[in-house]
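Listed here are the chains, written in short residue letters.
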Amino acid sequence: QVQLVESGGGLVQPGGSLRLSCAASGRISRINSMNWYRQGPGKEREWVASITDGGSTNYADSVKGRFTISRDNAKNAAYLQMNSLKPEDTAVYYCKANIGIRSRTTYWGRGTQVTVSS
């Protein structure tokens, strides 16, 4: 009923930038929060950033000062602006959204690949 689709991934050189998008579609009541996660090769999935319905943001220490999460409620979308990228940022990036007014459901996107390499 709800689908999340990430886009914007690709290959970028160290120090470069990428902007990821997460578009939610379907039968959406309210998006309570949106999050970005990532999973590097051979690593566990880790939380990267979150944003509440009121716009409050939080970041993992590894990306503070470099990444910025934002959302556009009118478009049911979230974004992750990634600057000063490092090779260790290489991962599949996933969007996660908590949706619902009373009963809440978590949805995951399929992910988009980000590769930081020279």
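Residues numbered from 1 in each chain as written. Predicted model: local features only at pLDDT ≥ 70, side-chain atom pairs only at ≥ 80, totals over all residues. Heavy atoms only, no water.

Draft legend 1. Geometry of the overall build of the protein chain. A tally of helices and strands in the protein chain yields 0 helices and 11 strands. Overall, the protein chain shows an N-to-C arrangement of helices and strands of β-β-β-β-β-β-β-β-β-β-β. The C-alpha radius of gyration computed for the protein chain amounts to 14 Å, which stays within 12% of the reference 13 Å derived for 118 residues, consistent with globular compactness. Seen through its principal axes, the protein chain has C-alpha atoms that stretch 45 × 25 × 25 Å. Within the protein chain, the proportion of its 118 residues that are buried is 43%. (Helix = DSSP H or I, 4+ residues; strand = E, 2+ residues; numbered from the N terminus. Rg over C-alpha atoms; globule rule 2.2 N^0.38 Å. Buried < 20%, exposed > 50% of the residue type's maximum accessible area, 1.4 Å probe, protein only.)

Draft legend 2. Layout of the pattern of salt bridges. The final tally for this structure, using the stated rule, is 4 salt bridges. Between Asp-61 and Lys-64 there is a salt bridge, with the nearest N and O atoms lying 3.2 Å from each other. Close ionic contact of Arg-66 with Asp-89 constitutes a salt bridge, the shortest N to O distance being 2.8 Å. Within this pair, whereas Arg-66 is found in the loop between β6 (57–59) and β7 (67–72), its partner Asp-89 is found in the loop between β8 (77–82) and β9 (91–99), the two being separated by 23 residues in sequence. The structure contains a network of salt bridges with shared partners spanning Arg-38, Glu-46, Arg-66 and Asp-89. (Salt bridge = Lys/Arg side-chain N within 4 Å of Asp/Glu carboxyl O.)

Draft legend 3. The nonpolar core, seen in detail. In terms of nonpolar packing, the biggest core is built from 29 residues, with Met-34, Trp-36, Phe-67, Leu-80, Met-82 and Tyr-93 touching the most fellow members. For this core, the elements supplying multiple residues, two or more each, are β1 (2–7), β3 (18–26), β4 (31–39), β5 (46–52), β7, β8, β9 and β11 (112–116). Discounting chain neighbours no more than four positions away, the residues touching Met-34 are Cys-22, Ala-49, Ser-50, Ile-51, Ile-69, Arg-71, Ala-77, Ala-78, Cys-95, Lys-96 and Ala-97. (Core = buried A, V, L, I, M, F, W, Y, C linked by side-chain atoms within 4.5 Å. Contact = heavy atoms within 4.5 Å.)

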